Amino acid sequence: MTSLDDPALAALGPRLPSPVQEVADERFTRRGLRLLLKRDDLIHPELIGNKWRKLAPNLRAARGRRIVTFGGAYSNHLRATAAAGRLLGLETIGVVRGEELAGRPLNPSLARCVADGMRLHFVDRATYRRKAEPDTLAAVLRAAGAEDAHVVPEGGSNALAVRGCQELGAELGEQADVVAVACGTGGTLAGLAAGLPAGRRALGIPVLKGGFLTAAVEALQKEAFGARRGDWWLDDRFHFGGYARTTPALHTFAEDFTARHGVPVERLYVAKLLYALVALAEEGAFPRGTTVAAVVTGRPFPDHT
Ligand SMILES: *Cc1c(COP(=O)(O)O)cnc(C)c1O
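Keep in mind the model is a prediction, meaning the values are calculated, not measured. (Residues numbered from 1 in each chain as written. Predicted model: local features only at pLDDT ≥ 70, side-chain atom pairs only at ≥ 80, totals over all residues. Heavy atoms only, no water.)

### Remarks on the domain arrangement of the chain
Thought 1: Partitioning the chain into domains gives domain 1 (3-48 + 158-295) and domain 2 (66-148).
Thought 2: Using C-alpha coordinates to define each centre, domain 1 is positioned 26 Å away from domain 2.
Thought 3: Across the contact, nine residues belong to domain 1 and eight residues belong to domain 2.
Thought 4: Applying the counting rule to domain 1 against domain 2 returns one residue pair in polar contact (both at pLDDT 80 or more).
Thought 5: Along the lines of polarity and charge, the residues of the side of domain 1 that touches domain 2 split into six nonpolar, one polar and two charged. (Domains from an automatic or database assignment. Contact = heavy atoms within 4.5 Å. Polar contact = N/O pair within 3.5 Å; in protein donor to acceptor, adjacent residues only side chain to side chain. Nonpolar A, V, L, I, M, F, W, Y, C, P; charged D, E, K, R; others polar.)

This is the structure in structure tokens:
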């Protein structure tokens, strides 16, 4: 079962399998490496990248019920869920971290959510942190008027989403030896690693600080498949200080990558991934003859590059 088997989703015209593009980048070629870009950013203009892969099975499971989900003030996942609601005629409710945001003008990302019909419900940070606990979740859903809604967790990562991301690995098949992806919750990596054929490896680059992601990915794989799956590892050195943190060097790197290859580079995730791959190539982490694929999971948002 793929997202294309669902008529409502297929009618949105996703570009699946997403294109694979080889780029000639001398930082790789001179070390005998090939660099492929898996262009998930081209799957759909609004349900971008891994957000399509993770949301599609949840949209199907919702069966027309309202969808409630969770995110920060700049969450790509909230925007994708809101867009899906508009495109499919589903009601959506977004629980947003930060009670103090409630009385203020909305940032462009949240304004986009509201324009797409999402109802926002702001909660304080302490409550938000505990939202996976059943009592807290029940109280939040009650306060948000979302008790009967289909619940999609923060970042969209649940067992359905993880299984949806297996398709990413299946599409890549034998094309690359190592497939690298930037990680927030780790749901995309969990599915990707499970979907790759034997002998192919998946590398996750966490964009959050904290070193909790190995356990999180294992837990997601356990939830989705009953056990750890595939051959994957993490490199924790490229978060640049944490979520949404960037440095001038990272911006320069991203601008240079776009100038070289004409590919827009999303800053919160994709820039850190590509930066990591260049650094790893320079360190000699990949043997000559290795083909590395980078999953381009997103596109720059106009107001938050
Ligand atoms: C949401 C997002 C991710 C993180 O995906 P996880 O499954 O949460 O690890 C990566 N890249 C982009 C562009 C995203 O929007």
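### Observations concerning the nonpolar core
Thought 1: Counting 35 residues, the largest nonpolar core has L37, L203, F257, L274, L277 and F286 as its most contacted members.
Thought 2: Contributing elements (two or more residues each) for this core: β2 (34-38), β7 (178-183), β8 (201-206), α11 (248-261), α12 (270-283) and β10 (291-295).
Thought 3: With 25 residues, the next largest nonpolar core counts L168, C183, L192 and V295 among its residues. (Core = buried A, V, L, I, M, F, W, Y, C linked by side-chain atoms within 4.5 Å. Buried < 20%, exposed > 50% of the residue type's maximum accessible area, 1.4 Å probe, protein only. Helix = DSSP H or I, 4+ residues; strand = E, 2+ residues; numbered from the N terminus.)

### Observations concerning the site of the ligand
Thought 1: In the vicinity of the ligand lie 16 residues, with K51, K54, T185, T188 and T297 positioned nearest.
Thought 2: In this structure, an oxygen atom belonging to the ligand sits 3.4 Å away from a main-chain N or O atom of G187.
Thought 3: Protein contact buries 96% of the 390 Å² of open area that the ligand shows by itself.
Thought 4: Elements represented by at least two residues in the shell around the ligand include exactly α3 (50-62), β7 and α9 (187-195).
Thought 5: At three residues, α3 tops the list of elements feeding residues into the shell around the ligand.
Thought 6: Among the residues making up the shell around the ligand, the classes are represented as three nonpolar, ten polar and three charged. (Near = heavy atom within 4 Å. Areas by Shrake-Rupley, 256 points an atom, 1.4 Å probe, with all protein chains shown as cover.)

### Considering the sheet that holds strand β6 (residues 150-151)
Thought 1: With parallel pairing, four strands are arranged side by side in an open sheet as β5-β4-β3-β6. Across the chains shown, the open sheet's two edge strands, defined by having one partner strand only, are β5 (119-123) and β6.
Thought 2: As paired strands, strand β4 (residues 92-97) and β5 are joined by five bridges and run parallel to one another. If you follow I93 over to β5, its bridge partner there is R119. (Pairing = 2+ DSSP bridges.)

### Structural notes on the sheet that holds β8
Thought 1: Spatial strand order, β1-β2-β10-β7-β8-β9: six strands in an open sheet with mixed pairing. Only two strands of the sheet have a single partner each, and these edge strands are β1 (20-23) and β9 (231-234). Sheet twist, expressed as the average angle between the axes of neighbouring strands with direction ignored, equals 25°.
Thought 2: Strand direction decides the pairing type here: β7 and β8, joined by six bridges, are parallel. Paired with A180 across the two strands is L203, which belongs to β8.
Thought 3: Across the face of the sheet, helix α8 (residues 159-172) comes into contact with β1, β2, β7 and β10 while running at roughly 140° to β2. (Axes fitted to C-alpha atoms, helices over the stretch in contact; angles between N-to-C directions.)

### Observations concerning α11
Thought 1: When the terminal C-alpha atoms of α11 are compared, their 20 Å separation across 14 residues agrees well with the 20 Å that a helix rising 1.5 Å per residue should span.
Thought 2: Restricting attention to buried positions, one finds in α11 the residues L250, F253, A254, F257 and H261. One side of α11 carries all its buried residues, which in axial view fall inside an arc of 95°. Residues of α11 that are exposed and angled more than 90 degrees away from the buried face: P248, T252, E255 and A259. (Expected span 1.5 Å × (residues − 1). Arc of directions from axis to C-beta.)

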